[in-house]
Amino acid sequence: MALYVPLAALDKGVVRLSGEISPGELGIELANDPCLRIERTFAYDVSVEKTGNELFLEGVIETTVDCRCVRCLEPFELALRLDPWTCVLPLEGEEAPPISHESVDLTPRIREDSLLALPQHPLCRPDCQGVSLQKSDSKTPQDLSDEKSRSVSAWSVLDQLNLE
Ligand SMILES: [Zn+2]
């Protein structure tokens, strides 16, 4: 089921839409990306206002994305939150959303904007140093901040890669 807003309701005033929609209902498929899985429900809370021949949308869209860090390969959860999410949808022309049964389909735009907000190279944290440091649990935070040990670890990773 897609996310529709009836034109008749918009003619009466602002329409507030809130609820949940599944990635499948949004038409999101990322089967080929090993580092991003979108399988959890999206929550939305959006107000839609019709002015002339345009819809103005404003609200919040959020979900949780299951990621795999491209450096250390550890799985982690990423909160994807479009807040505030705003967009203007012209009701005529090439940019116009699909309309069926006198209702505007908001699904394509929400899908597009959610996909655009995804990281291209998900990292578990901005300074993730990759596989080597993740495994060394014995390291203290001081060790981690020591540039010398960091570069040594980086070289040992390279050595391992060369051997394989
Ligand atoms: Zn990582």
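Residues numbered from 1 in each chain as written. Predicted model: local features only at pLDDT ≥ 70, side-chain atom pairs only at ≥ 80, totals over all residues. Heavy atoms only, no water.

Some words on the pattern of salt bridges
Here's step 1: Taken as a whole and assessed by the stated rule, the structure comprises eight salt bridges.
Here's step 2: Asp66 is paired through a salt bridge with Arg40; the nearest N and O atoms lie 2.6 Å apart. On the criterion of sequence distance, the pair formed by Asp66 in strand S5 (residues 54-68) and Arg40 in the loop between strand S3 (36-37) and strand S4 (42-51) is long-range, its members being 26 residues apart.
Here's step 3: A salt bridge links Glu77 to Arg40; its shortest N-O distance comes to 2.9 Å. Linking Glu77 in strand S6 (residues 75-90) with Arg40 in the loop between S3 and S4, this pair joins segments that are 37 residues apart in sequence.
Here's step 4: The exposure class assigned to Arg40 is partly exposed, which follows from its relative accessible area of 31%. (Salt bridge = Lys/Arg side-chain N within 4 Å of Asp/Glu carboxyl O. Helix = DSSP H or I, 4+ residues; strand = E, 2+ residues; numbered from the N terminus. Buried < 20%, exposed > 50% of the residue type's maximum accessible area, 1.4 Å probe, protein only.)

Let's talk about the coordination of the zinc ion
Here's step 1: Donor atoms from the polypeptide that bind the zinc ion are Cys69 (SG), Cys72 (SG), Cys124 (SG) and Cys128 (SG), placed at 2.3 Å.
Here's step 2: With four donor atoms in place around the zinc ion and angles of 105 to 114 degrees between them, the coordination shape is tetrahedral. (Donors = N, O, S within 2.8 Å, 3.2 Å for Na, K, Ca; no water. Tetrahedral: all angles 85-135°; square planar, octahedral: opposite > 155°, others 65-115°.)

Things to note about helix H3 (residues 107-116)
An α-helical turn contains 3.6 residues, so a residue and the one three or four places further along point in the same direction.
Here's step 1: What H3 keeps buried is the set Thr107, Pro108, Arg109, Ile110, Asp113 and Ser114.
Here's step 2: Buried residues in H3 make contact with helix H2 (23-26), S4, S5, S6 and strand S8 (103-105). (Contact = heavy atoms within 4.5 Å.)

Here we look at unusual backbone geometry
Here's step 1: With an omega of 0 degrees, the peptide bond running from Asp83 to Pro84 counts as cis.
Here's step 2: Phi at His101 is positive, roughly 50 degrees, even though this residue is not glycine.
Here's step 3: Along the polypeptide, His101 turns up in the loop between strand S7 (99-100) and S8.
Here's step 4: Of the residues examined, His101 reaches a relative accessible area of 78% and is grouped as exposed.

Remarks on the side chain of Arg109
Here's step 1: Note on placement: Arg109 falls in helix H3.
Here's step 2: Of the side chains with opposite charge, Glu95 comes closest to the buried, unpaired Arg109, at an N-O distance of 4.2 Å. (Lys, Arg positive; Asp, Glu negative; His and termini not counted.)

A short note on the nonpolar core
Here's step 1: Judged by nonpolar contacts, the single largest core of 34 residues is most densely connected at Val48, Leu55, Leu57, Ile61, Trp85 and Leu106.
Here's step 2: Going through the elements one at a time, helix H1 (7-12), strand S2 (15-21), S4, S5 and S6 are the ones with two or more residues in this core.
Here's step 3: The biggest single contributor to this core is S6, with six residues.
Here's step 4: Ignoring any residue separated from it by four or fewer positions in sequence, one finds Val48 in contact with Leu10, Gly13, Val14, Val15, Leu17, Leu55, Phe56, Leu57 and Leu106. (Core = buried A, V, L, I, M, F, W, Y, C linked by side-chain atoms within 4.5 Å.)

Focus: the sheet that holds S7
Here's step 1: The three strands are arranged S1-S8-S7 in an open sheet whose pairing can be described as antiparallel. The open sheet is flanked by strand S1 (4-6) and S7, the only strands paired with a single partner.
Here's step 2: Bridge count between S7 and S8: two bridges; the pairing is antiparallel. What sits directly across from Ile99, in S8, is Val104. (Pairing = 2+ DSSP bridges.)

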